[in-house]
Amino acid sequence: MFIVLLKFAKNRADAAQFMQAHKDWITRGREAGVFLLVGSLKPAQGGMLLAHNTSLEALQQRVAEDPFVQHQVVSSEIIEVAPNQADQRLTFLLN
């Protein structure tokens, strides 16, 4: 499992220009079963994704395809985590 941090970068002001393409990229990740959770970093620092069911290499490729990353609206950081305990509703994440 991975946490992807997308923190605003030097071209933050261009976010509106690439927002729809970024949202479409997120939708493709959700539809592929890779992105489980998508949200904002508060206060207005960027976004985060919880990714599952992928390899680090495949996720790095996917993140590189984000229009926000490509146009330096955000910088990305991928953190790999190995969950070993979960609330019963989230036990599927332990596999």
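Going by the structure above, here's the rest.
In what follows, the accompanying structure is described. (Residues numbered from 1 in each chain as written. Predicted model: local features only at pLDDT ≥ 70, side-chain atom pairs only at ≥ 80, totals over all residues. Heavy atoms only, no water.)

## As for the pairing of strand β1 (residues 2-8)
With six bridges connecting them, β1 and strand β3 (residues 46-51) associate as antiparallel partners. Bridging from a neighbouring strand, Leu 6 pairs with Gly 47 of β3. In this sheet, strand β4 (residues 74-80) lies alongside β1 in antiparallel orientation, the contact comprising seven bridges. Within β4, the position partnered with Leu 5 by the bridge is Glu 77. (Pairing = 2+ DSSP bridges. Helix = DSSP H or I, 4+ residues; strand = E, 2+ residues; numbered from the N terminus.)

## Digging into the packing of aromatic side chains
For any pair of aromatic rings, the description consists of the separation of the ring centres together with the inter-plane angle of the planes. Summed over the entire model, instances satisfying the criterion amount to one aromatic pair. The lysine or arginine in question, Arg 62, covers the ring of Phe 35, its NZ or CZ lying 5.9 Å from the ring centre. (Phe/Tyr/Trp six-rings, centres within 6.5 Å; stacked < 30°, edge-to-face > 60°. Lys NZ or Arg CZ within 6 Å of the ring centre and 35° of its normal.)

## Overview of the layout of surface pockets
One water molecule sets the probe size; rolling that probe over the atoms shows where empty space is left. The space that makes up the largest pocket amounts to roughly 230 Å³. Taken together, 16 residues form the lining of the largest pocket, with His 22, Gly 39, Gly 46, Gly 47 and Phe 68 sitting closest to its centre. Those elements that place two or more of their residues in the lining of the largest pocket are β1, α1 (15-31), β2 (35-41) and β3. Among the elements that line the lining of the largest pocket, the one with the most residues is α1, at five residues. A class-by-class count of the residues in the lining of the largest pocket yields ten nonpolar, five polar and one charged. (1 Å grid on protein atoms, 1.4 Å probe; cavity = no way out; pocket = protein on both sides within 12 Å on 5 of 7 lines; lining within 4 Å. Points joined across faces, edges and corners; volume = space filled by probe spheres on them. Nonpolar A, V, L, I, M, F, W, Y, C, P; charged D, E, K, R; others polar.)

## Let's talk about the pairing of β2
Sheet topology note: the β2/β3 ladder contains six bridges and is antiparallel. The residue bridging Leu 41 from the neighbouring strand is Gly 46, located in β3. Joining the antiparallel neighbours β2 and β3 is a turn of four residues, in which Ala 44 adopts a positive phi near 45°.

## So, unusual backbone geometry
The amide bond that connects Lys 42 to the next residue, Pro 43, takes the cis arrangement and shows omega of -5°. Assignment of secondary structure puts Pro 43 in the loop between β2 and β3. Even without a glycine there, the phi angle at Ala 44 is positive, about 45°. The residue Ala 44 is located in the loop between β2 and β3 in this model.

## What about the environment of Leu 41?
Structurally, Leu 41 is set in strand β2. Look at Leu 41 and you get buried, because its relative accessible area is 17%. Considered as a pair, Leu 41 and Phe 8 are 33 residues apart in the sequence and their alpha carbons are 9.8 Å apart. Apart from the residues within four sequence positions on either side, Leu 41 is in contact with Leu 5, Leu 6, Lys 7, Gly 46, Gly 47 and Met 48. (Buried < 20%, exposed > 50% of the residue type's maximum accessible area, 1.4 Å probe, protein only. Contact = heavy atoms within 4.5 Å.)

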